[in-house]
Amino acid sequence: MLENKIALVTGAGRGIGRAVALTLAGYGADIAVNYCGSEAKALETAEEIRALGRRAILVQADVSVQADCERMFKEVTEQLGTPDILVNNAGITRDNLALRMSEEDFDKVINTNLKGTFFCMKLAAKQMLRKRYGRIISLSSIVGLHGNAGQLNYSAAKAGVVGMTKSLAKELASRGITVNAVAPGYIDTDMTAALNDAQKDAIRSQIPLGRIGQPQDIAETVAFLASDKAAYITGQVISVDGGMGI
Ligand code: NAP
């Protein structure tokens, strides 16, 4: 489904990013594995991709730093080729109630989740415009669509990702580039690991499909949007949340 395609996945060392990288590789893509701090985990991801018979490179970059993103795209282009697929997955949380939220925690989340996505979108679009082909997929969240107490900063960033996705889709549609977002519900990763059993039960009770999602649930949707099967889909936000947002 993705043979001969080159994909850059941000935050691909662990969690959803890792599942996305392995799934795209399983469908035939070569992968640039971006990480920020988790080098050992990113190495594991790259080794698993190579075991699938695909090419993999590691590229360290903090997506909230524009110069890092520029260096990352340069390294990917030199070592693997220009990306056909960009998956903006890197993300963080710094939760607190609005009245207690510091400017630092607001900025940190916006800079990583929103600005980092903007930097990568811009750099990818520049290369994709030249080849008149591209797939840009960004991770939003159910929280970006519905809000969540304690996550004002995160929901603002994830709602912003939806706005950027729709705007960029309109800018790039005539050049064969699609731009979409995936909005996960609660997915079992390090990001949600701090929840205790009672909190997990409470969340599960709000999920019509009756289970917390797995990274693979998100990865398969990203792979579909990255493929030519999704050629007529752009500017969309696909919720993958077990029905939680209905
Ligand atoms: P996770 O397990 O906490 O992993 C976060 C990933 O983001 C790591 O690979 C991390 O890389 C990377 N990252 C963080 N800051 C970065 C930076 N400045 N530059 C580059 N990479 C950075 O999170 P996850 O659950 O897999 O989440 C992945 C995406 O899905 C995020 O955008 C998140 O907001 C979104 N999402 C998650 C859920 C959920 O329930 N888990 C729900 C909705 C949306 P290093 O480890 O190398 O630093």
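Above this note sits the structure.
Residues numbered from 1 in each chain as written. Predicted model: local features only at pLDDT ≥ 70, side-chain atom pairs only at ≥ 80, totals over all residues. Heavy atoms only, no water.

So, the overall build of the protein
Then step 1. In terms of regular secondary structure, the protein is built from eight helices and seven strands.
Then step 2. The C-alpha atoms of the protein give 17 Å as radius of gyration, which agrees with the globular expectation for 246 residues (18 Å, within 12%).
Then step 3. With the principal axes as the frame, the protein shows a C-alpha extent of 45 × 35 × 35 Å.
Then step 4. Counting all 246 residues of the protein, 51% fall into the buried class.
Then step 5. Partitioning the intrachain contacts of the protein with sequence separation of at least 6 by distance along the chain shows that 75% fall at a separation of at least 24. (Helix = DSSP H or I, 4+ residues; strand = E, 2+ residues; numbered from the N terminus. Rg over C-alpha atoms; globule rule 2.2 N^0.38 Å. Buried < 20%, exposed > 50% of the residue type's maximum accessible area, 1.4 Å probe, protein only. Contact = heavy atoms within 4.5 Å.)

Some points on the packing of aromatic side chains
Then step 1. All chains considered together, the criterion is met by one aromatic pair.
Then step 2. Look at phenylalanine 118 and phenylalanine 119: their rings are 5.8 Å apart centre to centre, the planes differ by 45°, and that puts the pair in the tilted class.
Then step 3. By relative accessible area, which is 36% here, phenylalanine 118 ends up partly exposed.
Then step 4. The exposure class assigned to phenylalanine 119 is buried, which follows from its relative accessible area of 6%. (Phe/Tyr/Trp six-rings, centres within 6.5 Å; stacked < 30°, edge-to-face > 60°.)

Focus on helix H4 (residues 103-131)
Then step 1. Along its 29 residues, H4 runs 41 Å from first to last C-alpha, staying within 8% of the 42 Å computed at 1.5 Å per residue.
Then step 2. Along H4, the largest kink reaches about 35° and is centred on asparagine 111. (Expected span 1.5 Å × (residues − 1). Bend = angle between axes of the 7 residues up to and from the residue.)

Describing unusual backbone geometry
Then step 1. Of note, the phi angle at asparagine 4 is positive, near 65°, even though the residue is not glycine.
Then step 2. Relative to the assigned elements, asparagine 4 resides in the segment before strand S1 (6-9).
Then step 3. Notably, arginine 132 is not glycine yet its phi reads approximately 50°, a positive angle.
Then step 4. Note on placement: arginine 132 falls in the loop between H4 and strand S5 (134-139).
Then step 5. Given the relative accessible area of 51%, arginine 132 is considered exposed.

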